[in-house]
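Single-letter residue listing:
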Amino acid sequence: MCASRIWIKNPQAIFTPDGVDARGGIVIEAGKISEVLAAGVTPSIPCDTNFDARDHVVLPGLINTHHHFYQTLTRAWAPVVNEPLFPWLKTLYPVWAKLTPEALKLASQVAMAELLLSGCTTTSDHHYLFPEGMENAIDVQVEVVNSLGMRAMLTRGSMSLGEQDGGLPPQQTVQSGEAILEDSQRLIRRYHQRGEGAWIQIALAPCSPFSVTEEIMQESARLAAAHDVRLHTHLAETLDEEAFCLERFGLRTVDYLEKVGWLSDRTWLAHGIHFNADEIRRLGAAGVGICHCPVSNMRLASGICPTLELEEAGAIIGLGVDGSASNDASSLMFETRQALYLQRLRYGAKRITPQKVMSWATQGSARLLGRHDLGEIRVGKQADLALFRLDDLRFSGSHDPLSALILCGAERADRVMVGGEWRVVDGEICGLDCERLKVLHREAAKQLVATF
Ligand SMILES: Nc1nc2[nH]c(O)nc2c(=O)[nH]1
């Protein structure tokens, strides 16, 4: 139930840009933040509802910039538990080729529910599987997004380079260029919302250098510019991929990116690990976004994203949980914690702070998705918030609240608000029967792998 003006008052702690004093809380009106109050200050106009946040740490809603929702059906699947990217993909493609619309719906519900409970209010998904019968995959996802009341950047993924043409995926998982581009245009026209407060947006997302043709990369860039939508792909995730690019295109990954017209601030890349100094300079100069996926990169032993060098060069860093076959959790809070630990191994403890990783998961991720209206607690931004309590055993004895969330490993938001509406209350998603969802999803997962 959305009151017309709500005061979230006296937070135990609140994460604001540059540490602006917001200890008096925030006022929300018409789905946006209308006032940020310093300690002791009260709203300028009386509010219809007050929410006492004295037991809560208040964060901007977290933003997930890379996922493959369908992969929740193949978590911890024994044949690939110990495989790196290429054999992992080759083993999983035939399983994923059996995906059905009903299974995708359940998988998307599970992934988004998990994200929401971890304090995430906006998510991206990279869906690149459209075998026979799955032509309406993105339409299925739109329904789920609407039913859960999250914001989403649904990317129209694609694969067009099958095994018989030298690509990695089997032939039954690839589509023709015409089918991909036609559906991309249909989805943009039908679902892409523009401007502040958009709930659903569409981006174009050819899958990776080893699964799409050069033409699809070029045509997608043209289409994205014509419709002013964003571009997304996997790049520089593994050394296998680098070797593939050198062999097939005679180019390193960033040279290939430039050749196909993607070296621009319209683009955000998943992973972005294997770059040399000159490539980092060029990515930064172009304002490319990089989605760091620490857990997946550790699980697949892909490498460590050079986040600080990229940022120093001008690139933007955000966070993503990646698909659930390589994570295998969809918790953005957990991912933020892992980003802190993995990046400390590269840059040391002093440079990678809880504030730093939290800013990647909020402001940085918002910028990757081109969302200037999200990711911060600031007047005029959308009222997307995550509220955590610190009364679990795991926090007992902790001191600094923001550090406690990250270091003690916060698992579940107590309350989540999206566009001024509560979507999670007392740790439960409003209107979702999680128990029933788990039963159906487990059964769908069992059936998907049954013949392998
Ligand atoms: N981590 C992942 N990397 C990928 N590359 C690619 O082509 N597909 C995937 C994927 O599903 N996960």
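The name that an unreviewed UniProt entry assigns to the protein is 8-oxoguanine deaminase, with the source organism given as Scandinavium lactucae. UniProt, in its Sequence similarities (unreviewed entry) section for the protein, records the words "Belongs to the metallo-dependent hydrolases superfamily. ATZ/TRZ family."

Digging into the side chain of S296
Within the secondary structure, S296 sits in helix α9 (residues 294-299). In this structure the side chain of S296 is engaged in a polar contact, spanning 2.6 Å, whose partner is the side chain of D322. When sequence neighbours within four positions are dropped, the list of residues in contact with S296 reads E237, H271, A301, S302, D322 and S326.

Some remarks on the domain arrangement of the protein
Interface size is often expressed as the accessible area that is lost when the parts come together. In terms of domains, the protein is made up of domain 1 (2-60 + 382-429) and domain 2 (62-368). Taking the mean C-alpha position of each, domain 1 and domain 2 sit 30 Å from one another. Contacts between domain 1 and domain 2 engage 29 residues on the former and 28 residues on the latter. The junction of domain 1 with domain 2 conceals about 2200 Å² of combined surface from both sides, 68% of it contributed by carbon and sulfur atoms.

Regarding unusual backbone geometry
Residue N327 is joined to D328 through a cis peptide bond whose omega torsion reads 10 degrees. You will see that A76, though not glycine, has its phi angle at about 45 degrees, which is positive. The topology assignment puts A76 in the loop between β7 (62-64) and α1 (85-96). The backbone of D228 shows a phi angle near 50 degrees, a positive value even though the residue is not glycine. Positionally, D228 belongs in the loop between α5 (214-227) and β11 (231-235).

Conventions and cut-offs
Residues numbered from 1 in each chain as written. Predicted model: local features only at pLDDT ≥ 70, side-chain atom pairs only at ≥ 80, totals over all residues. Heavy atoms only, no water. UniProt positions renumbered as here; feature names shortened; annotations may be inferred. Helix = DSSP H or I, 4+ residues; strand = E, 2+ residues; numbered from the N terminus. Polar contact = N/O pair within 3.5 Å; in protein donor to acceptor, adjacent residues only side chain to side chain. Contact = heavy atoms within 4.5 Å. Domains from an automatic or database assignment. Buried area = accessible area lost by both parts, 1.4 Å probe.

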